[in-house]
Every structure is written in structure tokens, then in C-alpha cells.
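Structure assessment
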Amino acid sequence: MTTDRKIVIVGGGLVGPVCALYMSKRGYNVTLYECRSDPRECGYTRGRSINLAVSNRARKALRELGLEEDILKVSVPMRGRYLHQPNGKHVPIFYDPKNKECIYSVSRNYLNRRLLDAMGEYNNLQIKFDHKLVDAKIESGQLKFLQTKTNVTIDVRADLIIGADGAYSTMRRYMMQKPMFDYNQTYINHGYVELTITPEYGHLLAPNYLHIWPRSDFMMIALPNSDHSWTVTLFMPFKQFEQLDHRDQLMSFFNKLFPDIVPLIGEEQLVEHFFKIKPSALMYVKCSKFHTDAKSLLLGDAAHAMLPFYGQGMNAGFEDCAIFNSVLEYCNDNISMALEAYTERRRNDAHAICELALYNYVEMRDLVIRPSFRIRKFVDNI
Ligand code: FAD
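Residues numbered from 1 in each chain as written. Predicted model: local features only at pLDDT ≥ 70, side-chain atom pairs only at ≥ 80, totals over all residues.

The name given to the protein chain in an unreviewed UniProt entry is Kynurenine 3-monooxygenase, with the source organism recorded as Photinus pyralis.

What the protein chain contains, in helices and strands, is 15 helices and 19 strands. Here the protein chain has a C-alpha radius of gyration of 22 Å; the compact-globule value for 382 residues is 21 Å, and the two agree. Summarising its shape, the C-alpha atoms of the protein chain cover approximately 65 × 50 × 40 Å along the three principal directions. For the protein chain, the residues scored as buried account for 40% of the 382 residues in total. Excluding contacts between residues fewer than 6 apart, the proportion of contacts in the protein chain whose partners are at least 24 apart in sequence is 70%. (Helix = DSSP H or I, 4+ residues; strand = E, 2+ residues; numbered from the N terminus. Rg over C-alpha atoms; globule rule 2.2 N^0.38 Å. Buried ≥ 20, exposed ≤ 12 C-beta atoms within 10 Å, placed from the backbone. Contact = placed C-beta atoms within 7 Å.)

Let us now look at the site of the ligand. Taken together, 34 residues surround the ligand, and among them G11, G13, G166, G300 and G313 come closest. Where the shell around the ligand is concerned, the elements lending two or more residues are α1 (15-25), β3 (51-54), β9 (131-137), α12 (301-304) and α13 (313-330). The leading source of residues in the shell around the ligand is α13, at four residues. Of the residues in the shell around the ligand, the class split is 13 nonpolar, 15 polar and six charged. (Near = placed C-beta within 6 Å. Nonpolar A, V, L, I, M, F, W, Y, C, P; charged D, E, K, R; others polar.)

Right, let's talk about the nonpolar core for a bit. Membership of the largest hydrophobic core comes to 101 residues, with the highest contact counts inside it found for I9, V18, C19, L299 and C321. Element by element, the count of residues in this core is highest for helix α14 (residues 335-365), at eight residues. Those residues in contact with V18, other than ones at most four positions away along the chain, are A61, L65, L115, F318 and C321. (Core = buried A, V, L, I, M, F, W, Y, C linked by C-beta atoms within 7 Å.)

Before going further, it helps to examine the packing of α1 against α13. Interhelical geometry of α1 versus α13 gives an angle of 20 degrees and a closest axis separation of 9 Å. Considered as vectors, α1 and α13 are oriented roughly parallel to each other. The chirality of how α1 crosses α13 is right-handed. Across the interface between the two elements, V15, V18, C19 and Y22 of α1 pack against G317, F318, D320, C321 and N325 of α13. Of the residues belonging to the contact of α1 with α13, the class tally is six nonpolar, two polar and one charged. (Axes fitted to C-alpha atoms, helices over the stretch in contact; angles between N-to-C directions. Parallel < 35°, antiparallel > 145°, perpendicular 65-115°, else oblique. Left-handed = near helix turned anticlockwise from the far one by under 90°.)

This is the structure we're talking about:
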């Protein structure tokens with residue numbers, strides 16, 4: 001199908017490019033606007049976690065776009081959890097010992113660049129970096145972007161506007177002004193910091209696992225990178241982070257609770273990195289609908305930002321794109337019908353996965369090391 005209908009996508013993180021690829025494959029004229037500079041030119045991708053767990057939801061979308069093999073080739077399979085118990089014992093638990101299904105750890109940076117490169121293969125698809133959405137009149141499909149390098153604003157019109165501009169979405173702010181659009185944003189009182197184990201010491205951790213140090217009220221995890229380094233993330237209440245404000249406190253905390261990680265990160269690097277960055281906040285978002293005015297749609301974190309404990313934020317965002325594509329197909333590319341049908345199809349699942357992500361924090365930091373009869377009791381009581 002080819003069409004002269006124009007789709008504007010706001011946000012060139014992970015979900016925006018996947019959506020752009022689906023829509024240009026369908027024959028729409030697509031322009032994606034991203035407020036940051038091209039990561040392939042400025043040399044890095046800012047953003048949250050350094051690496052991400054890719055599972056079946058995202059793989060299906062990548063497969064449909066012909067990118068799955070490329071992405072998995074540079075990813076590290078994680079075949080199970082590797083628990084570092086408080087008593088010093090290590091327990092590997094395979095996700096799927098029978099069929100050997102696993103999840104994959106992929107670099108956010110690589111994934112973002114590979115998706116942007118793939119976009120270059122379509123004539124009906126343009127990317128505009130350094131363009132920040134600053135105003136929207138959704139009912140008429142009018143958008144205003146600030147060109148951040150020149151400070152000039154431009155006006156753009158679209159038949160469909162897709163907001164894939166992340167958890168703090170500007171598009172969502174305009175959509176929320178429409179009747180019957182309910183929105184809920186919840187911060188938890190835990191934050192996170194990321195640390196690194198360099199390749200030199202990376203081989204000392206058992207490979208091909210998602211490592212977890214469950215410590216009841218908080219936890220640390222490590223995901224492998226393809227260069228044998230590991231990205232280590234400490235999730236903990238902000239109050240506890242605040243108490244670690246001197247080197248001595250930090251080191252006695254780590255030596256007491258995570259003694260095996262200290263030699264792998266190295267004391268100097270641990271102290272330097274820990275005090276260089278402030279813990280980041282974590283929140284989740286629920287919307288009662290994902291579309292308004294037969295002209296606008298939210299996908300990915302803009303629609304349903306979730307806590308990272310289920311490793312499904314990006315996965316669910318890619319799945320959004322695959323589902324919207326199939327709904328368009330079903331509705332014969334009648335956009336207004338497809339938007340209604342998409343919200344109906346997706347809302348309950350999006351809310352459910354946000355809840356599962358919240359629950360999985362308790363599972364990972366605590367239940368995973370409890371005997372099963374105590375888990376039953378615990379689950380019955382929540
Ligand atoms: P984003 O990646 O946030 O991209 C939004 C883009 O929009 C950005 O590039 C931004 O610059 C741009 N933008 C914003 N405002 C504007 C504007 N006004 N104009 C133009 N552009 C704009 N998910 C997983 O599936 N697996 C994991 O293992 C995993 N681990 C995680 C670990 C942590 C610590 C965190 C915090 C998240 C994790 N996630 C994981 C979730 C994942 O990071 C997100 O779900 C994913 O990044 C969402 O992609 P997105 O494209 O919707 O939003």
C-alpha cells in the first residue's frame with residue numbers, strides 16, 4: 001500500500017524508530033522528530049539503563065522488521081537468574097531448563113543506532129534530530145517544533161501524530177487536556193544507581209545469567225555486555241542512599257552486604273562512580289486511553305511507563321507497535337477506527353504489565369530467596 005497520508009512521530013528513543021519502521025513499511029509518509037542530536041554523530045546515547053533485557057515481545061517486532069538476527073547477534077543470552085544470597089551461597093536458576101528459552105542483554109546504544117540505521121533504508125521516512133515538540137493542536141493535527149540548534153520554531157501538520165516521547169511525554173500533556181483522558185503517575189520511594197564491572201574482571205562472574213543480590217528491602221542486579229563488562233544496578237530506598245554520604249559508610253555497606261562485588265568493581269571506581277551520580281527516580285504511568293481526536297496516539301513509555309523490575313518497558317513498547325500495525329491492517333488503514341480499536345485492545349494489558357512490574361520488585365529482592373511455603377503466605381497477605 002502507498003498513501004500520501006502523513007504520520008509524524010515524536011521521539012526517536014527506542015519505540016519511536018520501531019513504530020516509524022512499521023508505518024513506513026505500510027506506505028505512509030513518516031517523519032520522526034527527536035529533540036536530541038543524532039547519537040551516531042555525537043558519539044553516545046543518553047538515557048536510562050546502559051543495557052536492556054530483550055524478550056519475546058520485542059523479538060517478535062524486531063523479527064517482523066527483519067532486525068531480530070542482527071540484534072541478537074550482538075546480545076548476550078541470559079539463561080537464568082544467578083542468586084547471590086545473603087549467606088554467601090550462590091544459586092543458579094534456569095528460566096527454561098527444558099526448552100532453553102532465554103532472554104538477551106542488549107546495549108541500548110547499539111539498539112538505538114541499529115534502528116536509526118534501518119530507518120535510512122526507506123524513502124518515505126525522514127528523521128529530524130534537534131527538533132523539540134513545544135506545542136500541539138491535536139484536533140487539527142498541528143505541531144510546533146523548536147529547532148534547538150538555531151532556536152527557530154517550525155510548524156508541521158500531520159494526519160496522525162504518534163507520541164513516543166517517553167515517560168515524561170510532551171504529547172501526553174496535550175492529550176490530557178481532552179475530555180475523558182484519565183492519567184495517573186506514581187513515583188516509588190526507591191531509586192537506582194548504575195555501576196560498572198570492567199571486562200578485565202567481568203569474567204569472574206558466571207556468564208550468561210542475570211545476577212541478583214536480593215537483600216529483602218532492596219537489591220542489586222548485574223546484566224552482561226558483549227565486551228565482557230557488566231552493568232550493575234543498585235535499587236534501594238532513597239532514604240538509604242542518603243545515609244551513604246561518606247566513603248567509609250559506602251565501603252562498610254558494600255563490604256557487609258555485597259562483599260563479592262567489591263573486588264570486581266574495585267574500591268576506587270566504586271567510590272568515584274557512586275558519588276558522581278545521584279540516584280535516579282522510578283515511576284509508572286497509567287492512561288485510560290491511548291488516543292484522542294482520531295489524530296493522536298501514545299506508544300511506549302509515553303503510554304505506559306513502568307518500573308524496570310519486570311524488564312518489559314521496551315519490550316511492551318515494541319509490542320505496542322506490532323499490535324498497532326496489525327490493528328491498522330484489520331481496519332483497512334481507517335485511522336480513526338484503528339485508534340479506537342487499539343486502545344480497547346491494549347489498555348488492560350498495559351495496566352496489567354505495570355502491576356506485574358511493581359510486584360516483581362518484591363519477587364526479585366525478597367521472595368526469590370524465601371522457602372516456597374513462606375512465599376504462599378506472603379502472597380496471600382498482599
Ligand atoms: P524513551 O526511550 O524514553 O525515548 C523517548 C525519546 O523521546 C527520547 O529520545 C527523548 O529525547 C525524546 N523526546 C522527549 N521529549 C521530546 C520532545 N518534546 N520532542 C522531541 N523528542 C522528545 N525495558 C525492557 O524492556 N527491558 C529492560 O531490561 C529494561 N531495563 C530498564 C532499566 C532501567 C533502570 C530503566 C529506567 C528502564 C528499563 N527499561 C527496560 C524500560 C525502557 O528503558 C523503556 O521502556 C524504553 O526506553 C521506552 O522507550 P520509549 O522510546 O518509549 O521512550
